[in-house]
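Residues per chain, in single letters:
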Amino acid sequence: MELRVVDHPLVAHKLTALRDERTDSPTFRHLTEELVTLLAYEATREVRVTQHTVRTPIANCVGVKLAQPRPMVVPILRAGLGMLEGMTRLIPTAEVGFVGMVRDEVTLEASTYAERLPEDLSGRQCYVLDPMLATGGTLAAAVKYLVARGADHITCICLLAAPEGIARVEGLLDDLQVPCHLVTAAVDERLNEVGYIVPGLGDAGDRLYGVV
């Protein structure tokens, strides 16, 4: 899995505001959308395009357009929903699928409780949205789920990642036969004893939508 940490002053600025415990939910959601759009710019460097000719007011011009089949954006419920608007702002023609996964707080293992995806993802580039790469089980399970349906290129976008989570995802996806990339704003220090990223920003889902 190729790791890309986006080193940009605006990314660092918005991430700092997200980390602040005083940032309220409406502001947190807005900042998340903005940050994801910046990360998506880097994440889509390898999006597939085809040659396309248009007529300008002066002459014909050869450019490109997104190739078919269109990219698939897949937020992992529920926290990944907070990243969807920022991603589709950059590629509004992408299709959107959903995967619902929950982490057992004792075993830290992820299980799927819902999905809304095409049965056949053959030839699809998929962009997986999950704010926090902590223990890595949820993200790895989602990637395997998409590959099992035929996706042939996966890019994961996370606001933050922990070294332990990155290492675990790499181990779990070691035999993956398709390219997989991880784009994040920062790699933090470590996980604590209950699987939270340190210093992190808390529970992304709770900060986006409140405690439920």
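Our structure's up above, just so we're on the same page.
Here's what I pulled together on the structure shown here. (Residues numbered from 1 in each chain as written. Predicted model: local features only at pLDDT ≥ 70, side-chain atom pairs only at ≥ 80, totals over all residues. Heavy atoms only, no water.)

Thoughts on the packing of helix H2 (residues 25–43) against helix H3 (residues 81–90)
- H3 packs onto H2 with a crossing angle of 45° between their chain directions and a minimal axis gap of 7 Å. Classed by the angle they form, the pair H2 and H3 counts as oblique. Regarding H2 and H3, the two cross each other, and that crossing is right-handed. Between H2 and H3, the residues in contact are Thr32, Glu33, Glu34, Val36, Thr37, Ala40 and Tyr41 and Gly82, Met83, Glu85, Gly86, Met87, Arg89 and Leu90, respectively.
- Within the contact of H2 with H3, the residues separate by chemical class into 6 nonpolar, 4 polar and 4 charged. (Axes fitted to C-alpha atoms, helices over the stretch in contact; angles between N-to-C directions. Helix = DSSP H or I, 4+ residues; strand = E, 2+ residues; numbered from the N terminus. Parallel < 35°, antiparallel > 145°, perpendicular 65-115°, else oblique. Left-handed = near helix turned anticlockwise from the far one by under 90°. Contact = heavy atoms within 4.5 Å. Nonpolar A, V, L, I, M, F, W, Y, C, P; charged D, E, K, R; others polar.)

Some points on the nonpolar core
- Among the nonpolar cores identified, the biggest contains 35 residues, and Leu35, Leu39, Met87 and Leu201 are the most heavily contacted of them.
- For this core, the secondary-structure elements that each account for two or more residues are helix H1 (9–19), H2, H3, strand S8 (125–129), strand S10 (153–161), strand S11 (180–187) and helix H6 (204–209).
- The greatest single-element share of this core, amounting to 7 residues, is contributed by H2.
- If sequence neighbours within four positions are ignored, Met87 has contacts with Val36, Ala40, Thr44, Val73, Tyr127, Leu129 and Ile157. (Core = buried A, V, L, I, M, F, W, Y, C linked by side-chain atoms within 4.5 Å. Buried < 20%, exposed > 50% of the residue type's maximum accessible area, 1.4 Å probe, protein only.)

As for a nonpolar patch on the surface
- A cluster of nonpolar residues, Leu3, Val5 and Val187, forms a patch on the protein surface that exposes about 210 Å² of accessible area.
- Secondary-structure assignment places Val5 in strand S1 (residues 2–5).
- What makes Val5 partly exposed here is its relative accessible area of 42%. (Patch = residues over 30% accessible without salt bridge, like charges linked within 9 Å, V, L, I, M, F, W, Y side chains within 5 Å. Areas by Shrake-Rupley, 256 points an atom, 1.4 Å probe, with all protein chains shown as cover. Salt bridge = Lys/Arg side-chain N within 4 Å of Asp/Glu carboxyl O.)

Notes on the pairing of strand S4 (residues 72–77)
- Where burial is concerned, most of S4 is hidden: 5 out of the 6 residues are buried.
- Where S4 meets strand S5 (residues 95–96), 2 bridges bridge the pair, whose relative direction is parallel. Counted as the bridge partner of Met72 is Glu95 from S5.
- Once the chain exits S4 it traverses H3 before rejoining the sheet at S5, and the crossover so formed is right-handed. (Pairing = 2+ DSSP bridges. Right-handed = clockwise from strand over helix to strand, strands pointing away.)

Section: H1
- Restricting attention to buried positions, one finds in H1 the residues Val11, Lys14, Leu15 and Leu18. Projected down its long axis, H1 shows its buried positions confined to an angular sector of 100°, all on one face. Turned more than 90 degrees off the buried face of H1, the exposed positions are Pro9, His13 and Thr16.
- Here the buried face of H1 lies against H2, S10, S11 and H6. (Arc of directions from axis to C-beta.)

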